[in-house]
Amino acid sequence: MKKYFSLALALVMLVSSLSIGIVADARDDKNVVDANVTFGQKSYYYSGSKIEPEVTVALGDVTLVKDTDYTVSYSNNLNAGTANAKISGKGDYTGEITKNFKIVPIRIANSNAEFIRVKKATPGSAPVYTVKYNGKTLKEGTDYNVVVSGIDKAGVKTGTVQFQGIGNFNNVKTLKINVFPTSVKKVGVKSRTTNSITLKWSSLESEGVDGYKVYFCNQNGENKKYIKTTDKNSATVKKLDAGKYYTFTVVPFVKDGSTKVHGEDSAPFLTVSRPNKVTINSVGKAKKGSKITVKWSKTSCTAYEIQYTTDKNFKKNVKTVVVEGSKHTSKTIAVPNNKKVYYARVRAYRQFNHGNTKVCGKWSSKLSTNYGNLYAMYVCHYPDKPARNNNLRVACKAINGTVIYPGEVFSFNGVVGKRTTAKGYKAAPIYQGPNVVTDGIGGGVCQVASTVFNTALLANFEIVERHQHSQRVHYGKLGRDATVYWGSQDFKFRNSSEYPIKIKMYLGNQCVRCYFYTSYDVKPRKVKLTVTQNGKHFKLTRSVAGKVNYTTHSYY
């Protein structure tokens, strides 16, 4: 009996041992260490974002299921180089295995890289670029190197910029670039007459410049008007008005056939033509007292100089009196002895450069006793659309120079008049109702009216008539627009000040500019403009010292 019991126990132990071995073998079959892991492709291009490729995990004949049988985590998978994918068993599966995949650099020339120029190339001065890839700004020296050549002189497509990819980028992006002339320096006057000015400036011949364009402009360098082109570093501008201020800018250029590359404008150069010779009308003695009165015809100038003396040759005892302002035509002067014969002559002069420079006209013949402040302004940007731009310019020109006296009402339609093709207006988009946009003669002039409206608001002038647009405008602030339509809708304001104002309007740098000037050193009271919105309702209020003095409503 004991023999059979021992045999049975041995048999049980053997079966148990076999069972343990079978379980152990089964567990080895569930370990992902022995799995075959493959990726969708051999390598991946750098993308700027972390790369997480799909993997296939097979254990024997069984393809495991992601997130059920295993999980995947990635590391070092952003930049070019060797990236890792770690597969970890899950559920019935155990163990983990790490497989590598390659991230290779992308060709900078064929990638989504943007090359944005932020500074032009000029002779000897390299251009500056910002390079972006998928919206991310790349770093020079980390992502690319720059090699610039061919910029010793100005030229059309004569310069070369190479962006050499490094790190996550390879290959080379090559750009052929224009080399722009530097701006002209030392603009000055070589000679002048009453109707011409000969300009001179530093030559840019050594830079390879082929010529220069000369323009009129304002003192901000805006509103340029072409005058002439020259291949010399001087130019004579003719047909000028005597004693008038002119501002010039000179633009250098290089050319290749019909293609020209222009440099930057020179600094605006303000000068003046020589004033006309003054006509002297009389020099008479006073009936009482030792005085003489000199009379002359006015001309365009800053001031007049009167010289008087008892020496008919103007060599001895010459006295000078200055009369400021071109409108003056007479001056009474006290003299030591009214019984002597006095000779007088007059000339006009212009001052500029803050009064440091004076240009004089010629002296009149001799005879003897024997025989402006900124009040208010508003600037409004406009889109660059040729027909509409033209209409803005024509309307501004019609308003420019208008003088409004105290208590007088300005009427936009009254000053500008009906918008017609005969006046130079063109067809451009206008609003017709809340949903319709169509072309109409003079389209766009409402922006001029809106600019004047805002200037009048800031000047604290009484708004007599204002209408809103039928749709929301794309310029200015909502609720601060003013529409006009000939025959039905006008914009009007009253000069509520004690001073005449002159309106100056013009376009510059894609802006409509409106300025109110007075002849006196005065300013309007400070105003506060507030627009509140409630759905489609906009309420504009103007207040001075906390007291509201104007309110208007708009619904869009």
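All of these numbers come straight from a predicted model, not from anything done at the bench.

**With respect to the overall build of the chain**
When its secondary structure is counted, the chain shows four helices and 43 strands. Expressed along its principal axes, the backbone C-alpha trace of the chain runs to roughly 175 × 60 × 45 Å. In the chain, buried positions account for 41% of the 556 residues. Here the chain displays about 30,600 Å² of accessible surface, and carbon together with sulfur accounts for 48% of that area. The averaged location of the 36 negative side-chain charges in the chain is 21 Å from the averaged location of its 84 positive side-chain charges.

**Re the packing of aromatic side chains**
The tally for this structure, following the rule as stated, stands at 26 aromatic pairs. Ring centres of Tyr-215 and Tyr-226 lie 5.8 Å apart, and the angle between their planes is 70 degrees; this geometry places the pair in the edge-to-face category. Here Tyr-215 is found in strand E18 (residues 211-217), whereas its partner Tyr-226 is found in strand E19 (residues 225-230), with 11 residues between them in sequence. Taking relative accessible area as the criterion, Tyr-215 reaches 14% and is therefore assigned buried. We classify Tyr-226 as partly exposed; its relative accessible area is 45%. Aromatic pair Trp-296 and Tyr-304: ring centres 5.3 Å apart, planes at 55 degrees, arrangement tilted. Of the two residues, Trp-296 and Tyr-304, neither departs from the other in class, the shared state being buried. Put simply, the rings of Tyr-375, Phe-410, Phe-453, Phe-461, Phe-491, Phe-493 and Phe-516 pair up and form one aromatic cluster.

**Notes on the environment of Glu-264**
Note on placement: Glu-264 falls in the loop between strand E22 (259-262) and strand E23 (269-272). For the pair formed by Glu-264 and Trp-201, sequence separation is 63 residues and the distance between their alpha carbons is 14 Å. Not counting residues within four places of it along the chain, the set of residues in contact with Glu-264 comprises Lys-120, Pro-181, Ser-183, Val-250, Val-251 and Pro-252. Of the polar contacts made by the side chain of Glu-264, one reaches the side chain of Lys-120; its length is 3.5 Å.

**Structural notes on the packing of helix H2 (residues 386-399) against helix H4 (residues 445-458)**
Direction vectors running N to C along H2 and H4 enclose 45 degrees, while the axes themselves pass 8 Å from each other. Accordingly, the angle class assigned to the pair H2 and H4 is oblique. Read as a crossing pair, H2 and H4 show a hand that is right-handed. When H2 is examined against H4, the residues Arg-388, Asn-391, Leu-392, Ala-395, Cys-396 and Ile-399 are found in contact with a partner set consisting of Val-445, Gln-447, Val-448 and Val-452.

**Remarks on H4**
Owing to its 3.6 residues per turn, the α-helix brings residues three or four apart onto one side. Taking 1.5 Å of rise per residue, 14 residues should cover 20 Å, and H4 covers 20 Å from first to last C-alpha, within 8% of that figure. Burial analysis of H4 places 13 of its 14 residues in the buried class, the great majority of the element. Of the residues flanking the end of H4, it is Asn-460, one or two places downstream, whose phi is positive at about 65 degrees.

**Things to note about the pairing of E22**
Two faces belong to every sheet, and in a regular strand the side chains alternate between them. Bridge analysis of strand E21 (residues 245-256) against E22 gives four bridges, and the strand direction is antiparallel. From the neighbouring strand, Lys-255 faces E22, where its bridge partner is Lys-260. Turn length for the E21-E22 hairpin, with the two strands adjacent in sequence and antiparallel, is two residues, and the turn residue Gly-257 shows positive phi of about 70 degrees.

**Regarding H2**
Over its 14 residues, H2 runs 20 Å from end to end, which matches the ideal 20 Å to within 8%, given 1.5 Å per residue. In this fold, the buried residues of H2 make contact with strand E34 (409-411), helix H3 (412-416), strand E35 (427-432), H4, strand E39 (501-508) and strand E40 (511-518). Just downstream of H2, Gly-401 is the residue with a positive phi angle, here 95 degrees.

**Some points on the nonpolar core**
Counting 41 residues, the largest nonpolar core has Phe-412, Phe-491, Phe-493 and Phe-516 as the members making the most contacts within it. Elements with a contribution of two residues or more to this core: strand E32 (373-381), H2, H3, H4, E39 and E40. Considering each element in turn, this core owes the most residues, eight residues, to H4. Core analysis: the second largest hydrophobic core is formed by 38 residues, Ala-35, Tyr-129, Tyr-133 and Val-179 among them.

**Considering the sheet that holds strand E37 (residues 462-465)**
Strand order in the open sheet formed by three strands is E34-E38-E37, with antiparallel pairing between adjacent strands. Where the open sheet ends on each side, the last strands, each with one partner, are E34 and E37. Adjacent strand axes in the sheet meet at a mean angle of 25 degrees when their direction is disregarded. For E37 and strand E38 (residues 492-494), the ladder comprises three bridges, and the chain directions are antiparallel.

**Section: the pattern of salt bridges**
Under the criterion given, the structure shown has nine salt bridges. Measuring nitrogen to oxygen at the nearest pair gives 2.8 Å for the salt bridge that ties Glu-305 to Lys-358. Here Lys-358 lies in strand E30 (residues 357-360) and Glu-305 lies in strand E26 (residues 303-309), a separation of 53 residues in the sequence. We note a salt bridge from Glu-462 to Arg-494, for which the minimum N-O separation is 2.9 Å. Linking Glu-462 in strand E37 with Arg-494 in strand E38, this pair joins segments that are 32 residues apart in sequence.

About the criteria used
- One numbering rule holds for all chains: residues counted from 1, following each sequence as written.
- This being a predicted model, a pLDDT of at least 70 is required before a residue's local features are given, and a value of 80 or more before pairs of side-chain atoms are given or counted; all residues contribute to the totals for chains, interfaces and linings.
- For side-chain calculations, the full set of non-hydrogen atoms in the structure is used, while hydrogens and water are omitted.
- The secondary structure listing takes helices from DSSP runs of H or I that are at least 4 residues long and strands from runs of E that are at least 2 residues long, numbered from the N terminus.
- Accessibility here uses a 1.4 Å probe with only protein chains present; expressed as a share of the type maximum, an area under 20% marks a residue as buried, one over 50% as exposed, and anything in between as partly exposed.
- Where accessible areas are quoted, they stem from the Shrake-Rupley method and a 1.4 Å probe; at the residue level, only the protein chains shown are allowed to cover.
- Charged residues are defined here as Lys and Arg on the positive side and Asp and Glu on the negative side; His and the ends of the chain fall outside this count.
- Charged side chains are reduced to one point each, which is NZ for Lys, CZ for Arg, CG for Asp and CD for Glu.
- Pairs were defined over the aromatic rings of Phe, Tyr and Trp, the Trp ring being its six-membered one, requiring ring centres within 6.5 Å. Orientation was assigned from the angle between planes: stacked under 30 degrees, edge-to-face over 60, tilted for the rest.
- Note on contacts: a residue pair is in contact if any heavy atoms of the two residues lie within 4.5 Å.
- Polar contacts, as counted here, are pairs of nitrogen or oxygen atoms within 3.5 Å of one another; within protein the pair requires one atom able to donate a hydrogen and one able to accept it, and residues that are adjacent in sequence qualify only if both atoms are side-chain atoms.
- Note on geometry: axes are lines fitted to C-alpha atoms, helical ones only across the stretch in contact, with angles between N-to-C directions running from 0 to 180 degrees.
- By definition in this entry, angles of less than 35 degrees are roughly parallel, angles greater than 145 are roughly antiparallel, angles of 65 to 115 are roughly perpendicular, and the rest are oblique.
- Two helices that cross are described as forming a left-handed crossing if the nearer one is turned anticlockwise from the farther one by less than a right angle, and a right-handed crossing if clockwise.
- Helix span, as expected, comes to 1.5 Å for every residue beyond the first.
- DSSP bridges decide pairing: two strands pair if at least two such bridges lie between them.
- Only buried residues count toward a nonpolar core, which is a set of Ala, Val, Leu, Ile, Met, Phe, Trp, Tyr and Cys residues joined through side-chain atoms within 4.5 Å.
- By salt bridge we mean one thing: a side-chain nitrogen of Lys or Arg within 4 Å of a carboxyl oxygen of Asp or Glu.

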